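Secondary and tertiary structure notes
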Amino acid sequence: MTSNAPRGQGAALTRPDGTPIRILAVDDEPSLTELLSMAMRYEGWEVTTAASGLAAVQAAREVRPDALVLDMMLPDFDGLEVMRRVRAELPDVPVIFLTAKDAVQDRVHGLTAGGDDYVTKPFSLEELIARLRGLLRRAGAMTVRPGSQLVVGDLVLDEDSHEVTRGGDEITLTATEFELLRFLMRNPRRVLSKAQILDRVWNYDFGGQANVVELYISYLRKKIDAGREPMIHTLRGAGYLLKPAGA
């Protein structure tokens, strides 16, 4: 079992007392828990990992996590038993189950037993983080620091809570979509090249695969501009820019 402190990348979401969000990630595959830890540390969260049910229960007692990411199948006892034991002491802690692709019955059991959500292996880390954020927000585990909002026209992005709205309507984004929109909103009316976006949002060279930017711009457009006057614009051969609708 290991504990990892946040690395302070990006605007960290916090507990109501200002301390970092605490996540307990439980899986007996070390490579998976390391990936989970990296993704969550990027969010500024403290991550504790455990590889068995017993270790998970002990860890929950020690760190009192704000949420659990819990594999359904563990070496000693299953995720349902872990959840039952943890909730005996932390009755309101949200739980996301990790389930095998073909284990439909596991998913049904997990949700009917009181789990809050599940993701199917193999899963997208972005999707898992987005779902965790939603659960934490609904559980009231997060606070928002003042001055954390970016506003362009009727589009509002909160860098702390990761909430995005347009015209008051909430928009749910994956972690990568959020980072891309944040970069665009920090540079309104400015043309950003694919190379600039790759460097800022993905932080490494995609080896010329700039079409990943086109793909994620299309994802954003479907969520931000669908049914509305567009804010995200393409300048052929130059890049992309975001500006208030009608401006």
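Relevant structure appears above.
So, a few notes on the structure that sits alongside this text. (Residues numbered from 1 in each chain as written. Predicted model: local features only at pLDDT ≥ 70, side-chain atom pairs only at ≥ 80, totals over all residues. Heavy atoms only, no water.)

Let's shift gears to the sheet that holds strand 8 (residues 155-158). The four strands lie next to each other as 7-8-9-10, forming an open sheet whose pairing is antiparallel. If you trace the sheet from one side to the other, it starts and ends with strand 7 (149-152) and strand 10 (169-171), each paired once. Pairs of neighbouring strands in the sheet enclose a mean axial angle of 20°, with direction left out of account. Here strand 8 pairs with strand 9 (residues 164-166) via three bridges, running antiparallel. Within the sheet, the bridge partner assigned to leucine 155 lies in strand 9 and is arginine 166. In the packing of helix 6 (residues 175-186) onto the sheet, contacts are made with strand 7, strand 8 and strand 9, and the angle to strand 8 comes to roughly 115°. (Pairing = 2+ DSSP bridges. Helix = DSSP H or I, 4+ residues; strand = E, 2+ residues; numbered from the N terminus. Axes fitted to C-alpha atoms, helices over the stretch in contact; angles between N-to-C directions. Contact = heavy atoms within 4.5 Å.)

What follows deals with helix 7 (residues 194-202). Restricting attention to buried positions, one finds in helix 7 the residues Ile197, Leu198, Val201 and Trp202. All buried residues of helix 7 fall inside an arc of 100° around its axis, so they share one side. Structural note: helix 7 exposes Ala195 and Asp199 on the side pointing more than 90 degrees away from its buried face. Looking at the buried residues of helix 7, the elements they touch are helix 6, helix 8 (211-224) and strand 12 (239-242). (Buried < 20%, exposed > 50% of the residue type's maximum accessible area, 1.4 Å probe, protein only. Arc of directions from axis to C-beta.)

Once that is clear, we can look at the pairing of strand 4 (residues 67-71). The buried fraction of strand 4 is high, at five of five residues. Both faces of strand 4 are covered, namely the face carrying Ala67, Val69 and Asp71 and the face carrying Leu68 and Leu70. Two elements, strand 2 (residues 22-26) and strand 4, share four bridges in a ladder whose sense is parallel. Residue valine 26 lies in a different strand from strand 4, and its bridge partner there is leucine 70. Between the parallel pair strand 4 and strand 5 (residues 95-99), the chain is carried across by helix 3 (residues 79-89), and the sense of this crossover is right-handed. (Right-handed = clockwise from strand over helix to strand, strands pointing away.)

Bridge count for strand 7 against strand 8 is four bridges, and the pairing is antiparallel. Looking across to strand 8, one finds that valine 151 is bridged to valine 156. In textbook terms, the turn of a hairpin is the stretch between consecutive antiparallel strands, and for strand 7 and strand 8 this stretch comprises two residues, one of which, glycine 153, has a positive phi near 60°. Linking two consecutive strands that pair antiparallel, namely strand 8 and strand 9, is a turn of five residues; a positive phi of about 60° is found at histidine 162 within it.

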